[in-house]
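An overview of the molecular structure
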Amino acid sequence: MASTSTKAAAMKSILTPSTTLDGHGELIRSISYFPDGEQMISGSEDKTVRRWDLKAGKEIVRVRGVCEEDVWAVAVSKNGQWVVTAGGDWNSAVLKVCEVETGIVKTFEGHSGQITCIDISADSTLLASGAKDATARIWNLDTGKLVAGPFNSSPWGAWVGAVRFSQDSKKLAVRLDMGTCLEVWDVQKQKLDVRIGKWGGVGFTSVPVFWTNQNQNILTAFTFTADVAWTIYEFNASTLETVGASFEGHTKTIESLALSFDCTLLASTSHDDTIKLWAFESRQLLASFDVHKIHTVIFSPSSRQLAYTTFIGDDHKIHICNTPPGVLAQAGASAHKNSTLNNLLNSDATRRSPAGRRRQPVPVIPMAQRPPPTIDPQQPVFLRLRQLLRFTSPTNAGPPVQPRNPLDVPATLPLPSSLSGQATTRFNHFEISSPPPSSNGITQFIRQHLSFLTPRHSLGPPVVEVAAGRKVTRLAVVKLPEYKKVDDTRHPPSQQATMPHENDSADIDSLPDVHWCKAFLCYYSCWSHGRLRMPPRWRLERVDIPRQDGAANSSHGGRT
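Attention here is on the structure that accompanies the text. Counting starts from 1 at the beginning of each chain's written sequence and moves along it residue by residue. pLDDT decides what is reported in this predicted model: residues at 70 or higher carry local features, side-chain atom pairs at 80 or more are listed and counted, and totals for whole chains, interfaces and linings draw on all residues regardless. As a convention, hydrogens and water are excluded, and side-chain values are obtained from all of the structure's heavy atoms.

**Brief notes about the pattern of salt bridges**
Should a side-chain nitrogen of Lys or Arg be within 4 Å of a carboxyl oxygen of Asp or Glu, the pair is scored as a salt bridge. According to the stated counting rule, one finds 13 salt bridges in the structure shown. Where K171 meets D186, a salt bridge forms, and the shortest distance between an N and an O atom there is 3.2 Å. Of the two residues, K171 is situated in strand β17 (residues 171–176) and D186 in strand β18 (residues 181–186); the sequence distance between them amounts to 15 residues. Between E183 and R195 there is a salt bridge, and its shortest N-O distance comes to 2.7 Å. Residue E183 is located in strand β18, and its partner R195 is located in strand β19 (residues 191–197); the two are separated by twelve residues in the primary sequence. Secondary structure follows DSSP: runs of H or I at least 4 residues long count as helices, runs of E at least 2 residues long count as strands, and numbering of each begins at the N terminus.

Laid out in structure tokens, this is it:
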């Protein structure tokens, strides 16, 4: 709740106007910007309507309008096509609409008392008016015909202080002059939707009303007692119940309100001679300025300027000043923070499901039951374990990938049958293992009675025994009797002469000194410490080995 704590934090100073418009001789009741923000229109009790060039800082005299009665309200449509003036006296009403391009003026007749407030719909087609005859009416701007009404806003005969269309023009909010009664009317059905408060109080104020939160709420100064309205409330448009915290800070009657077009910044004036700027979303008082005898306040279309009127004796002026940049930044940050919080609270992650609504159960997919394997108690124990564990031989995992060049085989893969078939000696299988010390009886038992746990290949090089804790030599797998290493294809021939050959380090595998079991697993999976090991390719040259018949094998090279 924005109260004493926020009031102490707000800065309080005097506004310095950048432009002052002087010309009216009586109280300036109403001012309104043109959509481009470069011109302004004003209406006064001196029976004139004046149009101002804000860049030049002076009146455009040729378009001044002279009325027979006091001017209480002026408005410019959002498309800049229409300028509306309203006023009159106690027993007569004046409502005129001027088309800006042609200068044609139309007079709308219907009210029987002085018109105190007007509003133009967002689509610039409808005009709403409220008067001292306690009625509100809706007109067609183009034809001048009465569209809806009269709405008898007060059964007690109270004056209408403010009217405002919703953004879709389907609802009309009406505030009585004392600030003790607020109504919402259905424009199409022409009936009262909801009302709060009753006639009473003292004084007359023309404090405007605003639709907020996408036509869901209404903002205005209001009092729930017979006292003056010095507090600003936001109401739910359907129930007229208060929403959120109120704007508290003024000590006397609130005279005027202005809401920026992005609904982030609120300005208020009061008989306590202050202009207060509020962050609309958080209700925080951002700034308070001392202005003597202030009456009306409005924002420019861009919200970067603030215009207000003053009356000091016979001196009636319009002042235009820049909205403090720090205030604009604070209001925008507050609106962004509240928007983010609301989005989080209304997200699917935090929204509760309706009562009685349960989530659909996850369907269960039936799984086919596999019949248990039949076990013959007469079989040896290793055969029974093999049936239960269902080990798969590596040779059945898939067809081997044959490289394009039959001699282009990585060192960690067995030679294809086309190469191994050329050897004088043929091997049925090979296995890579490291025999544990003879004292390890469990390992010896596994190797003797559960030999199927050791991976075997049907074709390949002979068994290579590697001592535990020693590095595995790559060529140990493929070093057949009829091949010898010629050079390392990882380096160009020109660089091989400069490569170090201490202890034949190029012939050593990259596996670290680990236990024989870890070395076996790393070697077989081609992985070393979590990184893929790229084995070098050796160019092997075939060695001529005399056959038993005295012939010799032909010599040719390849890669593996």
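**Re the sheet that holds strand β9 (residues 82–89)**
Hydrogen bonding along the main chain pairs the strands of a sheet, whether they run parallel or antiparallel. Pairing between strands requires that DSSP locate at least two bridges from one strand to the other. Across the sheet, four strands lie side by side as β8-β9-β10-β11; this open sheet has antiparallel pairing. The two strands at the open ends of the sheet, each matched to only one other strand, are β8 (70–76) and β11 (105–107). Across this sheet, the average inter-strand angle for adjacent strands is 20°, counted without regard to direction. Pairing of β8 with β9, which is carried by six bridges, proceeds in the antiparallel orientation. Pairing of V71 across the sheet is with G87, part of β9. With axes taken as lines fitted to C-alpha atoms, and helix axes fitted only over the stretch in contact, angles between N-to-C directions fall between 0 and 180 degrees.

**Regarding the nonpolar core**
With 19 residues, the main nonpolar core has I275, L277, L306 and Y308 as its most contacted residues. Mapped onto this core, the elements with two or more residues apiece are β24 (265–270), β25 (274–279), β26 (284–290), β27 (294–299), β28 (305–312) and α2 (325–345). When residues no more than four places from it in sequence are discounted, the contact partners of L277 are L265, L266, A267, Q284, L285, L286, A287, F289, F299, L306, P324 and V327. Grouped together as the second largest cluster of nonpolar side chains are 15 residues, A73, W82, L95 and I120 included. The set of buried Ala, Val, Leu, Ile, Met, Phe, Trp, Tyr and Cys residues whose side-chain atoms join them within 4.5 Å is what this entry labels a nonpolar core. The buried label applies to any residue whose accessible area, calculated with a 1.4 Å probe on protein chains only, is under 20% of its type's maximum; exposed applies above 50%, and partly exposed to all values in between. Contacts: residue pairs with any heavy atoms within 4.5 Å of one another.

**Points about the layout of surface pockets**
Here a cavity denotes a set of grid points, spaced 1 Å apart and computed over the protein atoms alone, in which a 1.4 Å probe fits but from which it cannot get out, and a pocket denotes an open set meeting protein on both sides within 12 Å along at least five of seven lines; residues with an atom within 4 Å of a point are reported as lining. Grid points are joined across faces, edges and corners, and a volume is the space filled by probe spheres set on the points. By volume, the largest pocket is sized at about 1300 Å³. In this structure, the largest pocket is lined by 50 residues; those nearest its centre are K78, D119, R164, F210 and F261. For the lining of the largest pocket, the elements supplying multiple residues, two or more each, are β3 (28–33), β8, β12 (115–120), β16 (160–165), β20 (210–212), β23 (254–259) and β27. Amino acids are sorted into nonpolar (Ala, Val, Leu, Ile, Met, Phe, Trp, Tyr, Cys and Pro), charged (Asp, Glu, Lys and Arg) and polar (every other residue, Gly among them). For the lining of the largest pocket, the residue count by class is 28 nonpolar, 17 polar and five charged.

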